[in-house]
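# Observations on the three-dimensional arrangement
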Amino acid sequence: MGDLVIGARSGAGEPEGPGRRADRSAESASSSASVEDAAAQTADGQGGTGSEDPPDSPHPGAEPADGSESEAPAKPRKPRSFWKELPILVGIALVLALVIKTFFVQAFSIPSESMQNTLQVGDRVLVDKLTPWFGAEPERGEVVVFHDPGGWLNDEPTQQSSNSFLRGVQDVLSFVGLMPSANEKDLIKRVIAVGGDTVECEGDGPVKVNGVALDEPYVYQGNTPCGDRPFGPVKVPKDRIWVMGDHRANSLDSRFHMDQPGGGTVPVDNVIGRAFVVAWPVGHWSTLPVPDTFDQKGLAAAAPMAPPVAGAVGAVALLPLVRRVRGRAERRKES
């Protein structure tokens, strides 16, 4: 028992081993956990009293932790009213109509009886203006619209309204191609012959192109193919066409202008385009195809003969040169 008292007064500790250090580490960890538990209980108690805001709920007016600003939802854009969009739509329509009229299709009105019964007075035809842009030229049998080559419509008055307002409306609509122009002096006829062709009509007909007779069912009933104006033979110059109306007794066509420059023919450059359909009135709607009579094989016989003839002429011209070369070759062999 004395040993125990003496040991306590001396203050000497017991020797530390591995087991002792482990015990002390466990005690330190236990005390730290106790402190953290106490702090957590204190925080829970304070949160229950409502003195502070919950951690998840930011304080009013405080910025978000990430620094980003909250954006209010965008208000839906109010659509434009119909009356505000109407001028835009009208402008777009006019621009499109002008482009179509300039490059693609244009409407023309039939002013006379010269193309009956194929076309009636007041019919509206649509004219193809696109293909000439790609170098296409008028072909036999097509119905074409062309500018007056000079002197054909000198006595024809322009068809304008006496009302100034209506004249203005007509000018605007004709400018964009929605209505035929009353100021332009244009004609519409059928192409009978093209550059290089020979065309003629004797007595009561028939009309002949390059010596081939045409069967013309489109000629106005009761008319003869020549009408009252036999003609020819006429050689159509290059880049020009010979035109005639289907109402032969009531058409001042190429036959009546043979005393003018060009001999009654029309320059290809004057052709606006081919009329391909009757668009108005609805009851007259029809297409304007090329009649079968213009598909005859011998109709364009003059053109295919040109290359063989040119070849024969060239062969005859080269014959003396060929003989000279052969003679020299023979003399070299003899020497």
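Presented here is a report on the structure given in the accompanying data block. Because the structure is a prediction, the values reported are computed rather than measured.

What counts, and at which threshold
Residues numbered from 1 in each chain as written. Predicted model: local features only at pLDDT ≥ 70, side-chain atom pairs only at ≥ 80, totals over all residues. Heavy atoms only, no water. Helix = DSSP H or I, 4+ residues; strand = E, 2+ residues; numbered from the N terminus. Buried < 20%, exposed > 50% of the residue type's maximum accessible area, 1.4 Å probe, protein only. Contact = heavy atoms within 4.5 Å. Areas by Shrake-Rupley, 256 points an atom, 1.4 Å probe, with all protein chains shown as cover. Pairing = 2+ DSSP bridges. Patch = residues over 30% accessible without salt bridge, like charges linked within 9 Å, V, L, I, M, F, W, Y side chains within 5 Å. Salt bridge = Lys/Arg side-chain N within 4 Å of Asp/Glu carboxyl O. Lys, Arg positive; Asp, Glu negative; His and termini not counted. Charge placed at Lys NZ, Arg CZ, Asp CG, Glu CD. Phe/Tyr/Trp six-rings, centres within 6.5 Å; stacked < 30°, edge-to-face > 60°. Lys NZ or Arg CZ within 6 Å of the ring centre and 35° of its normal.

### Concerning the overall build of the protein chain
Within the protein chain, the secondary structure is distributed over 5 helices and 12 strands. In the protein chain, which comprises 335 residues, the proportion classed as buried is 27%. In the protein chain, 70% of the contacts between residues at least 6 apart in sequence involve partners at least 24 apart. Counting only carbon and sulfur atoms, one obtains 57% of the accessible surface of the protein chain, whose full area is about 22700 Å².

### Thoughts on the sheet that holds strand β5 (residues 198–201)
Read from one edge of the open sheet, 4 strands run β7-β6-β5-β8, paired in antiparallel fashion. Every other strand in the sheet has two partners, leaving β7 (212–213) and β8 (231–235) as the edge strands with one partner each. Where strand β6 (residues 207–209) lies against β7, 2 bridges are found, and the strand directions are antiparallel. By the bridge assignment, lysine 208 is partnered in β7 with alanine 213.

### A closer look at a positive patch on the surface
On the surface, Arg77, Lys78, Arg80 and Lys84 cluster together into a patch of positive charge. For arginine 77, the location among the structural elements is in the loop between α2 (18–49) and α3 (82–103).

### Points about the packing of aromatic side chains
Evaluated as defined, the whole model comprises 3 aromatic pairs. Relative to tryptophan 152, the ring of phenylalanine 146 has its centre 5.8 Å away and its plane inclined at 90°; by these criteria the two rings are edge-to-face. For phenylalanine 146, a relative accessible area of 0% translates into the label buried. Above the ring of tyrosine 218, the side-chain terminus of arginine 190 is found at 4.1 Å from the ring centroid.

### A short note on unusual backbone geometry
With an omega dihedral of 10°, the bond running from glycine 205 to proline 206 counts as a cis peptide bond. Note that proline 206 resides in the loop between β5 and β6. One non-glycine residue, asparagine 210, lies in positive phi territory at about 55°. Position of asparagine 210 relative to the elements: it lies in the loop between β6 and β7. In the Ramachandran plot, aspartate 239 falls in the positive-phi region, its phi being about 65° despite a non-glycine side chain. Along the chain, the position of aspartate 239 falls in the loop between β8 and β9 (240–244).

### Some thoughts on the pattern of salt bridges
By the definition in use, this model includes 5 salt bridges. Arginine 274 is the partner of glutamate 142 in a salt bridge, and the nearest nitrogen-oxygen pair spans 3.8 Å. Residue glutamate 142 is located in the loop between β2 (124–128) and β3 (143–147), and its partner arginine 274 is located in strand β11 (residues 271–280); the two are separated by 132 residues in the primary sequence. Here glutamate 142 falls in the buried class, since its relative accessible area comes to 10%. Of the charged contacts, one joins arginine 248 and glutamate 216 as a salt bridge, the two residues approaching to 2.8 Å between their closest N and O atoms. With arginine 248 in the loop between β9 and β10 (266–267) and glutamate 216 in the loop between β7 and β8, this pair connects stretches of sequence that are 32 residues apart. In this structure arginine 248 comes out as buried when scored by relative accessible area, which is 0%.

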